[in-house]
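Below are the chains, spelled out letter by letter.
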Amino acid sequence: MIRVLFVCLGNICRSPMAEAILRERLNEEGLSQKVKVDSAGTGNWHVGRNPHPGTLEILEDRGVSAKGLKGRQLHRDDFEEFDYIIGMDQANIRDIRSMLGQPDHSKILRFLDLTEHAKDVPDPYYTGDFQETYALVDEGCKALLKKIKKENSL
């Protein structure tokens with residue numbers, strides 16, 4: 001089983017959106033039994049809570065299931081459990097490396113570095129632009145799935 005963890009600040013906007021989108025893509029390609037997807041936040045403010053209403057709305061509008069999404073915080077054991085740990089922005093990457101005690105490991109990636117954008121995914125909690133975030137996350141999920149398939153011969 002290949003394991004992917006998306007990480008953002010609070011685990012209510014970007015990372016659960018990515019989790020839901022990648023799960024949808026995996027289902028479409030018949031790979032949901034081979035790849036496990038989860039999400040977490042570097043902060044603990046939203047542990048146990050549903051995603052932000054803006055995230056839920058855009059996922060519903062796009063026909064992507066948000067079933068089972070609940071906020072949780074990144075834990076040290078996540079480094080051992082996951083094969084790909086994907087941070088949404090440079091601050092997330094810094095915090096992930098610090099929290100997991102891994103200053104520089106290849107399994108920790110900034111999400112949009114997999115795309116031609118190579119920038120941070122803006123946080124719609126602050127920008128209010130869930131459309132832009134969805135478009136970037138969707139593109140990132142396509143690129144990540146391509147990478148996973150290639151690296152794991154799927």
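Preceding this section is the structure that the text describes.
Residues numbered from 1 in each chain as written. Predicted model: local features only at pLDDT ≥ 70, side-chain atom pairs only at ≥ 80, totals over all residues. Heavy atoms only, no water.

## Description of the overall build of the protein chain
So, step 1. The helix and strand tally for the protein chain stands at 6 helices and 4 strands.
So, step 2. Along the chain direction, N to C, the helices and strands of the protein chain fall in the order β-α-β-α-α-β-α-β-α-α.
So, step 3. Taken against the 2.2 N^0.38 rule, which gives 15 Å for 154 residues, the C-alpha radius of gyration of the protein chain at 14 Å falls within 12% of a compact globule.
So, step 4. On the principal axes, the C-alpha backbone points of the protein chain span a range of 35 × 35 × 30 Å.
So, step 5. Taking all 154 residues of the protein chain together, the buried fraction comes to 50%.
So, step 6. Of the roughly 7600 Å² of accessible surface on the protein chain, 45% is carried by carbon and sulfur atoms. (Helix = DSSP H or I, 4+ residues; strand = E, 2+ residues; numbered from the N terminus. Rg over C-alpha atoms; globule rule 2.2 N^0.38 Å. Buried < 20%, exposed > 50% of the residue type's maximum accessible area, 1.4 Å probe, protein only. Areas by Shrake-Rupley, 256 points an atom, 1.4 Å probe, with all protein chains shown as cover.)

## Remarks on the environment of A18
So, step 1. Along the chain, A18 falls in helix α1 (residues 14–28).
So, step 2. Sequence-wise, A18 and F6 are 12 residues apart; in three dimensions their C-alpha atoms are separated by 6.8 Å.
So, step 3. The contacts of A18, once residues within four sequence positions are left out, are F6, M88, V137 and C141. (Contact = heavy atoms within 4.5 Å.)

## Notes on the packing of aromatic side chains
So, step 1. Considering all chains together, one arrives at 2 aromatic pairs under this definition.
So, step 2. The ring of F79 has K107 lying over it, and the distance from NZ or CZ to the ring centre is 4.2 Å. (Phe/Tyr/Trp six-rings, centres within 6.5 Å; stacked < 30°, edge-to-face > 60°. Lys NZ or Arg CZ within 6 Å of the ring centre and 35° of its normal.)

## Considering the sheet that holds strand β2 (residues 35–41)
So, step 1. Read across the open sheet, the 4 strands follow the order β2-β1-β3-β4; overall the sheet is parallel. The strands lining the two open edges of the sheet, one partner per strand, are β2 and β4 (108–110). For this sheet the average axis-to-axis angle between neighbouring strands, irrespective of direction, equals 25 degrees.
So, step 2. Direction of pairing for strand β1 (residues 2–8) relative to β2: parallel, over a ladder of 7 bridges. Its bridge partner lying in β2, R3 is registered against K36.
So, step 3. Sheet contacts for α1: β1 and β2; angle to β2, the most-contacted strand, approximately 170 degrees. (Pairing = 2+ DSSP bridges. Axes fitted to C-alpha atoms, helices over the stretch in contact; angles between N-to-C directions.)

## Quick look at helix α4 (residues 90–100)
So, step 1. For α4, the full list of buried residues reads N92, I93, I96 and L100. Take α4 and look down its axis: the buried residues cluster within an arc of 100 degrees, on one side only. Facing away from the buried surface of α4 by more than 90 degrees, the exposed residues are R94 and S98.
So, step 2. In this fold, the buried residues of α4 make contact with β1, α1, α3 (78–81), β3 (84–87) and β4.
So, step 3. For α4, the N-terminal capping position is held by D89, with its side-chain oxygen 3.1 Å away from the main-chain nitrogen of A91.
So, step 4. G101, located one to two residues past α4, shows a positive phi value of around 65 degrees. (Arc of directions from axis to C-beta. Polar contact = N/O pair within 3.5 Å; in protein donor to acceptor, adjacent residues only side chain to side chain.)

## As for the environment of Q131
So, step 1. Tracing the backbone through its elements, the reader meets Q131 in helix α6 (residues 130–151).
So, step 2. Relative accessible area serves as the criterion here: at 46%, Q131 is assigned to the partly exposed category.
So, step 3. C-alpha separation for the pair Q131 and T55, spaced 76 residues apart in sequence, amounts to 9.4 Å.
So, step 4. In this structure Q131 touches I58 and R62, once residues within four positions along its chain are discounted.
So, step 5. Separated by 2.9 Å, the side chains of Q131 and R62 make a polar contact.

## A closer look at the nonpolar core
Nonpolar side chains in soluble globular proteins generally cluster together in the buried interior.
So, step 1. Counting 34 residues, the largest nonpolar core has V4, F6, L22, F111 and L144 as its most contacted members.
So, step 2. Among the elements that line this core, the one with the most residues is α6, at 8 residues.
So, step 3. Among the nonpolar cores identified, the runner-up in size contains 11 residues, and L74, F79, I93 and I96 belong to it. (Core = buried A, V, L, I, M, F, W, Y, C linked by side-chain atoms within 4.5 Å.)

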